[in-house]
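# Architecture at a glance
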Amino acid sequence: MKKLSKNKIIYFTAVLLACVIFLLVGNRMAGEWSLGAFAGDYGEVYQRVRVLRIIDRTEEESEWTGDILTDIIFSAEITHGPQRGSRLVGMQTLSTMDETGQREVQEGDRVLVGLLPGAEVHYLGNFLRSNTLLIFAGVFFLLVVLFGGIKGFNSLVALGLIGASIFMIFIPGLFSGRNIYALTMIIGVFAILATLAIVVGPHKKTLTAIAGCLGGVTVAAGLMLLMTRLLDLTGNYSSDTGMLLNLPVQLDLHGIVFAGVILGAVGAIMDVAMSMSSSLWELRQADEAANFKQLFTSGMNIGRDVLGTMLNTLVLAYVGSSLTVILLLVSYSTSAIEVLNMEMIVVEMLRALVGSFGMLLTIPLTAAICSWFYPLREVKLHRAKD
């Protein structure tokens, strides 16, 4: 037992070391990039402050738009950084036509204020939400470890590595002009390898699930490239993507759509492949005499059940993430055919369909690989004895 534990420690250390080396080398090759690399020349530095008191509040009607402008002047204390304890004067400007619906600042609020060099009054940016969000995330991580044990902890490690790959390799590479299609596939493959190798460990289930995932992601990528051409997509389907055209670097909007769809599908494809791989492994352990045909038939039956729920999960996840957009388009459009042909809707439908295709083809592929690979060792030993 001690020897096994030692081997596991060596294995996970080796995997983590390989992942860290990949991140460091990938970051070096991706190119230099930093947060706010394309920010304006105002030179503001955002500071976390606590509102001490409201100094003044004024209202006036705008001569140009007719809306009511409200200016709230407040004093605040910087709560973090080298200037901690220093006081400043801030201002919040609200408009009746403001779509954000930001509430008025009050005493005791913790907010972000943009400090401009030489300015006497500094403007409020946003209410400070990160502290509450970090506490909420911390509770979630703690529960994952408590309920999932070492598997839960490994899942969090894998999640952290995937997040690091996005910010250390994918985004810097994108802004440095690297091929977005290659970057997407590299990050997708890394996510699969890192997650399954760390969460499942050195096991036949890991190898078969990885093989099934790679097949499913490859199919999804090929379909996405084909449908992008067949549907004449421009990639510029929303105000967010349109703003990317104003950056001082040339971005491939088609590639960004491709990346969003494929990276979004990787997680669902991994779920299906791992469910198939684990289920067939348990069947093989329960019946060591099960042959390829029996395992494959059982795998397809399991896959049909898994597919039914996973399709709903994938579609509902995409609908939920774009519900506001869907409501707006349906409200302001005059016909159903107009809505269905809007590129924004087409892209969201592609997200669900391409991911579903990937999952659909992952099922027979993983079932076939497991049915062939799981009995392989026993067959070879039997032949050697003969």
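Preceding this paragraph is the structure being described.
Residues numbered from 1 in each chain as written. Predicted model: local features only at pLDDT ≥ 70, side-chain atom pairs only at ≥ 80, totals over all residues. Heavy atoms only, no water.

### Quick word on the overall build of the protein
What the protein contains, in helices and strands, is eleven helices and five strands. In terms of C-alpha radius of gyration, the protein reaches 26 Å, well past the compact-globule figure of 21 Å for 386 residues. Along the first, second and third principal axes, the C-alpha atoms of the protein reach 95 × 60 × 35 Å. Looking at the protein as a whole, 37% of its 386 residues qualify as buried. Partitioning the contacts of the protein with sequence separation of at least 6, the portion at a separation of at least 24 is 68%. A total accessible area of about 23,000 Å² is found for the protein, and carbon and sulfur atoms account for 63% of it. One way to put it: in the protein the 27 positive side-chain charges average out to a point 23 Å from where the 30 negative ones average out. (Helix = DSSP H or I, 4+ residues; strand = E, 2+ residues; numbered from the N terminus. Rg over C-alpha atoms; globule rule 2.2 N^0.38 Å. Buried < 20%, exposed > 50% of the residue type's maximum accessible area, 1.4 Å probe, protein only. Contact = heavy atoms within 4.5 Å. Areas by Shrake-Rupley, 256 points an atom, 1.4 Å probe, with all protein chains shown as cover. Lys, Arg positive; Asp, Glu negative; His and termini not counted. Charge placed at Lys NZ, Arg CZ, Asp CG, Glu CD.)

### So, a nonpolar patch on the surface
A cluster of nonpolar side chains, namely Ile135, Val139, Leu142, Leu143, Leu146 and Phe147, defines an oily patch on the protein surface of about 680 Å² accessible area. Summarising the element assignment, Leu146 is placed in helix H2 (residues 130-175). (Patch = residues over 30% accessible without salt bridge, like charges linked within 9 Å, V, L, I, M, F, W, Y side chains within 5 Å. Salt bridge = Lys/Arg side-chain N within 4 Å of Asp/Glu carboxyl O.)

### As for the nonpolar core
Judged by nonpolar contacts, the single largest core of 48 residues is most densely connected at Ile192, Leu196, Met224, Ile262 and Met359. Mapped onto this core, the elements with two or more residues apiece are helix H3 (180-199), helix H4 (204-230), helix H6 (253-286), helix H7 (292-321) and helix H10 (343-373). By residue number, the principal contributor to this core is H6, which donates 15 residues. Leaving out residues up to four positions away in the same chain, Ile262 has contacts with Thr184, Met185, Val217, Ala220, Ala221, Met224 and Val354. Formed by 19 residues, the second largest nonpolar core is a distinct cluster that contains Ile171, Leu183, Ile187 and Phe190. (Core = buried A, V, L, I, M, F, W, Y, C linked by side-chain atoms within 4.5 Å.)

### Topic: the packing of H6 against H7
Helix-helix packing is characterised by the crossing angle of the two axes and by the distance between the axes. Interaxial distance between H6 and H7 falls to 10 Å at its minimum, and their mutual angle equals 150°. The angle between H6 and H7 falls in the class roughly antiparallel. The crossing of H6 and H7 is right-handed. Together, Val261, Gly264, Ala265, Ala268, Asp271, Val272, Ser275, Met276, Ser279, Leu280, Leu283 and Arg284 of H6 and Leu295, Ser298, Gly299, Ile302, Gly303, Val306, Met310, Leu314 and Tyr318 of H7 make up the contact between the two elements. A breakdown of the residues in the contact of H6 with H7 according to their chemical character gives 13 nonpolar, six polar and two charged. (Axes fitted to C-alpha atoms, helices over the stretch in contact; angles between N-to-C directions. Parallel < 35°, antiparallel > 145°, perpendicular 65-115°, else oblique. Left-handed = near helix turned anticlockwise from the far one by under 90°. Nonpolar A, V, L, I, M, F, W, Y, C, P; charged D, E, K, R; others polar.)

### Details of the packing of aromatic side chains
Tallying each qualifying case throughout the model produces seven aromatic pairs. Between the aromatic rings of Phe140 and Phe141, the centroid separation amounts to 5.8 Å while the plane-to-plane angle is 55°, which identifies the pairing as tilted. In this structure Phe141 comes out as partly exposed when scored by relative accessible area, which is 37%. Pairing Tyr181 with Phe258 gives two aromatic rings, centres 5.0 Å apart and planes at 55°, and the pair type is tilted. Of the two residues, Tyr181 is situated in helix H3 and Phe258 in helix H6; the sequence distance between them amounts to 77 residues. Note that Lys204 overlies the ring of Phe373, its terminal NZ or CZ placed 5.4 Å from the centroid. (Phe/Tyr/Trp six-rings, centres within 6.5 Å; stacked < 30°, edge-to-face > 60°. Lys NZ or Arg CZ within 6 Å of the ring centre and 35° of its normal.)

### Here's the deal with unusual backbone geometry
The phi angle at Asp232 is positive, at roughly 55°, despite the residue not being glycine. By secondary structure assignment, the location of Asp232 is in the loop between H4 and helix H5 (239-244).

### Some words on the side chain of Glu343
Here Glu343 shows up in helix H10. We note that Glu343 is buried and unpaired, the nearest opposite charge coming from Arg351 at a distance of 9.9 Å. A polar contact of 2.9 Å, which involves the side chain of Glu343, links it to the backbone nitrogen of Thr234. Those residues in contact with Glu343 that sit more than four places away from it in its chain are Leu233, Thr234, Gly235, Asn236 and Tyr237. (Polar contact = N/O pair within 3.5 Å; in protein donor to acceptor, adjacent residues only side chain to side chain.)

### Let's talk about the pattern of salt bridges
Scanning the model with the defined rule gives five salt bridges in all. The closest approach of N and O atoms between Arg57 and Glu59, which form a salt bridge, is 3.0 Å. Judged by its relative accessible area of 41%, Arg57 falls in the partly exposed class. Linked by salt bridges that have partners in common, Arg57, Glu59 and Glu104 make up one network.

### Looking at the sheet that holds strand E2 (residues 68-78)
Two strands in a sheet stick together by hydrogen bonds in their backbones, pointing the same way (parallel) or opposite ways (antiparallel). Judged by pairing direction, the barrel is mixed, and its five strands sit side by side in the order E1-E2-E3-E5-E4 before closing back on the first. The mean inter-strand angle of the sheet, taken between neighbouring strand axes irrespective of direction, is 50°. In terms of strand pairing, strand E1 (residues 45-61) meets E2 through eleven bridges, oriented antiparallel. Within E2, the residue paired with Arg53 across the bridge is Ser75. (Pairing = 2+ DSSP bridges.)

### Focus: the pairing of E2
Counting buried residues along E2, eight of its eleven residues qualify, which places the element largely inside the surrounding structure. By the bridge criterion, nine bridges tie E2 to strand E3 (residues 87-95) in an arrangement that is antiparallel. The partner of Thr70 across the bridge, within E3, is Leu94.

### Details of the state of the cysteines
Counted according to the given criterion, the structure contains zero disulfides. In this model Cys19 remains outside any disulfide bridge; the closest cysteine sulfur is found in Cys213, 15 Å from its own. Taking the relative accessible area as the measure of exposure, Cys213 reaches 0% and is therefore buried. (Disulfide = S-S within 2.5 Å.)

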